[in-house]
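Here is what each chain is made of, one letter per residue.
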Amino acid sequence: MKRSVFLGYICAALSFYACDNYLDIIPKGESVLNSTDDYLGLLEDMYGFPIDSEWYLSNEVTSYNMELLENYSGPLSSAGFYWDESFDRAKYMTTTGYADFYTSCYSRIAKYNIIVDNMEDAEGPAQAKREGIAQAKILRAYNYFVLINTFAKPYDPATAETDRGIILRSEFDMETPGVQSYVADAYRFIEQDIREALPGLPSIALNTFRPDKSFGYALQAKVHLFKREINQALEASLTAIQEAEDNGNHKLWDMNVEYQNAVNYAVNTFQWPEFMIQYGGPMYSMFRTMTQSLYLTHDYSDAENLYYAFGLNSMSPSPSMIRKPVADLFVPEKDLRYTFNMGTMPSRPTAEEGSVSMNNMMNRWNCGGIKLSEVYLMAAECYVRNGKIEQALSYLNQLRKNRIITALYTDLTATSLVEAMTLIREERKRELMLTLNSFFDMRRFCSEFNETLTKKVKGKTYTLSPDSHLLVYPFPVAAMQNSNLIQNSK
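Rules used throughout
- Residues numbered from 1 in each chain as written.
- Predicted model: local features only at pLDDT ≥ 70, side-chain atom pairs only at ≥ 80, totals over all residues.
- Heavy atoms only, no water.
- Pairing = 2+ DSSP bridges.
- Helix = DSSP H or I, 4+ residues; strand = E, 2+ residues; numbered from the N terminus.
- Buried < 20%, exposed > 50% of the residue type's maximum accessible area, 1.4 Å probe, protein only.
- Lys, Arg positive; Asp, Glu negative; His and termini not counted.
- Salt bridge = Lys/Arg side-chain N within 4 Å of Asp/Glu carboxyl O.
- Contact = heavy atoms within 4.5 Å.
- Phe/Tyr/Trp six-rings, centres within 6.5 Å; stacked < 30°, edge-to-face > 60°.
- Lys NZ or Arg CZ within 6 Å of the ring centre and 35° of its normal.
- pLDDT = per-residue confidence, 0-100.
- Axes fitted to C-alpha atoms, helices over the stretch in contact; angles between N-to-C directions.
- Left-handed = near helix turned anticlockwise from the far one by under 90°.
- Nonpolar A, V, L, I, M, F, W, Y, C, P; charged D, E, K, R; others polar.
- Expected span 1.5 Å × (residues − 1).

A word on the pairing of strand β11 (residues 460-464)
- In the sheet, strand β10 (residues 453-457) pairs with β11 via five bridges, with the strands oriented antiparallel. When the bridges of β11 are listed, Thr-454 appears paired with Thr-463.

Let's talk about the environment of Met-66
- Checked against the element boundaries, Met-66 lands in helix α4 (residues 66-70).
- Given a relative accessible area of 4%, Met-66 falls into the buried group.
- C-alpha separation for the pair Met-66 and Glu-352, spaced 286 residues apart in sequence, amounts to 6.2 Å.

So, the side chain of Glu-60
- The topology assignment puts Glu-60 in the loop between α3 (53-57) and β3 (61-62).
- Nearest to the buried, unbridged Glu-60 among oppositely charged side chains is Lys-429, at 8.7 Å.
- With near-sequence residues (within four places) excluded, Glu-60 lies in contact with Trp-55, Met-321, Ile-322, Arg-323, Val-326, Lys-429, Met-433, Leu-434 and Ser-438.

Regarding the packing of aromatic side chains
- For the coordinates displayed, the defined rule picks out 40 aromatic pairs.
- For the ring pair Phe-81 and Tyr-82, a centre distance of 5.0 Å and an interplane angle of 90° mean the geometry is edge-to-face. By the burial criterion, Phe-81 is buried, and Tyr-82 matches it.
- Pairing Phe-145 with Tyr-187 gives two aromatic rings, centres 6.3 Å apart and planes at 80°, and the pair type is edge-to-face. Of this pair, Phe-145 sits in helix α7 (residues 126-151) while Tyr-187 sits in helix α8 (residues 183-197), placing them 42 residues apart in sequence. For the pair formed by Phe-145 and Tyr-187, the shared burial category is buried.
- Grouped by ring-pair contacts, the aromatic residues Phe-49, Phe-101, Tyr-102, Tyr-106, Tyr-142, Tyr-144, Phe-151, Phe-189, Phe-215, Tyr-307 and Phe-475 constitute a single cluster.
- We note Arg-108 situated over the ring of Phe-49; from NZ or CZ to the ring centre the distance is 4.2 Å.

Some details on the confidence of the model for the protein chain
- Residue-level pLDDT values for the protein chain average 92, and 92% of them are 70 or greater.
- With pLDDT under 50 throughout, residues 8-19 is counted as low confidence; its partners more than four residues away or in other chains account for 28 contacts.

Digging into the side chain of Lys-227
- You can see Lys-227 is positioned in the loop between α9 (213-226) and α10 (230-246).
- Not counting chain neighbours up to four residues away, the residues in contact with Lys-227 comprise Tyr-155, Pro-157, Tyr-187 and Glu-191.

Comments concerning the packing of α10 against helix α16 (residues 372-385)
- At a minimum axis distance of 9 Å, the contact between α10 and α16 shows a crossing angle of 145°. Of the two possible hands of crossing, α10 and α16 adopt the one that is left-handed. Contact residues: Ile-230, Ala-233, Leu-234, Ser-237, Leu-238, Ala-240, Ile-241, Ala-244 and Glu-245 in α10; Leu-372, Val-375, Tyr-376, Met-378, Ala-379, Cys-382, Tyr-383 and Arg-385 in α16.
- Grouping the constituent residues of the contact of α10 with α16 by class yields 14 nonpolar, one polar and two charged.

With respect to helix α19 (residues 437-449)
- With 13 residues, α19 ought to run about 18 Å at 1.5 Å a step, and its terminal C-alpha atoms sit 17 Å apart, in line with that.
- Burial analysis of α19 places ten of its 13 residues in the buried class, which makes it a mostly covered element.
- For α19, the set of buried residues is Asn-437, Ser-438, Phe-439, Phe-440, Asp-441, Met-442, Arg-443, Arg-444, Phe-445 and Cys-446.
- Count one or two residues on from α19 and you reach Asn-450, which has phi positive near 55°.

In structure tokens form, the structure reads like this:
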């Protein structure tokens, strides 16, 4: 029997449903979910993951005006930037501020649960139902993965069964109070959703805002990697690459194509010698300004995106100021990621010394999703963890060939596992800069390798211990007031 879901009722009920911060989930103009198309419309999200203070905490960004950080004008950003363990972050996790990340994830999960619960009874073809339910499950898994890696301790096989986690819901239920699970429970839930979703996911999705099978395998690889299950992570990452490139119409973005088109345009149109428009040349800045909107671009639909998700908004992460230690990882005269996006604006006298501007206005940065390049890096990391340097560097260099100017490219080499791992971690910082991975990598490496981090700001040294509570974000104030959650951080 067909069942219609009345969204007006759901909207009214959700306004009182504060335990998990399920919020407004109704598409504009909709009142009833009847057909498969109605349900499929709930899959796409235009709001993304409001990432911001995490980038200050992970030592990637600084302010255009250091006084703002010094005065704690943005409290969580400042506390993160200065690794201030004495600062009480929890009271600033409000519904009008930093709680948006938590809220947006649970709002999406509510929609996915509605799809999983009701789509089978909708009007429409069986294949659309199968794919829609699978896509809802894989996105539910992804949002829970993001939540558990933000609001709970990093996965540690020795303590995951007793480390407090998050509220998990497998159905849309407005009556039963949410129960706080453990970290291991969340990962079991996530892995079950992935297993159940994979057979039904399409090889090619309608667009990059909807997940496909390549994304499913990539998420599976990521979950195994974060659980330190290296063999399973390697298998899933290799499967993801094969699925993406053989069936999913995905490929790495070769930045040399757009760059060479821009060079040809400048040389042929303005008769500028090529050496004048290279980094350091007298026409370099003008070259970038005049060709950026024509050639140095990257859209949502690019084949490298396995699943696209916004960050703080559709313009995120711009404008940002990149800290000098991160900017120094790039070789500006060679690395096209620098040419396309960094150092396009003059340095500001009020900014941190050595910081570099970030401008992605022509390149839609996949802050919250997963790109094929990340899967190459996961494969490389898994290989080096298994002691296979040659295979690890093969995947690393395949990616780099698409990022470095061809005429200036040389393969990276390593003579030890430590050296190879360092190269991979540095490449992750470059390639996955200003995404969810910045904070997530910081957490997992600190936890697994017992790393104590240090940094200098204006000559003063700051330290972050591997067990710092700053590596776990506090639950929002509203969630604590309207649930039985026990706070995981402060």
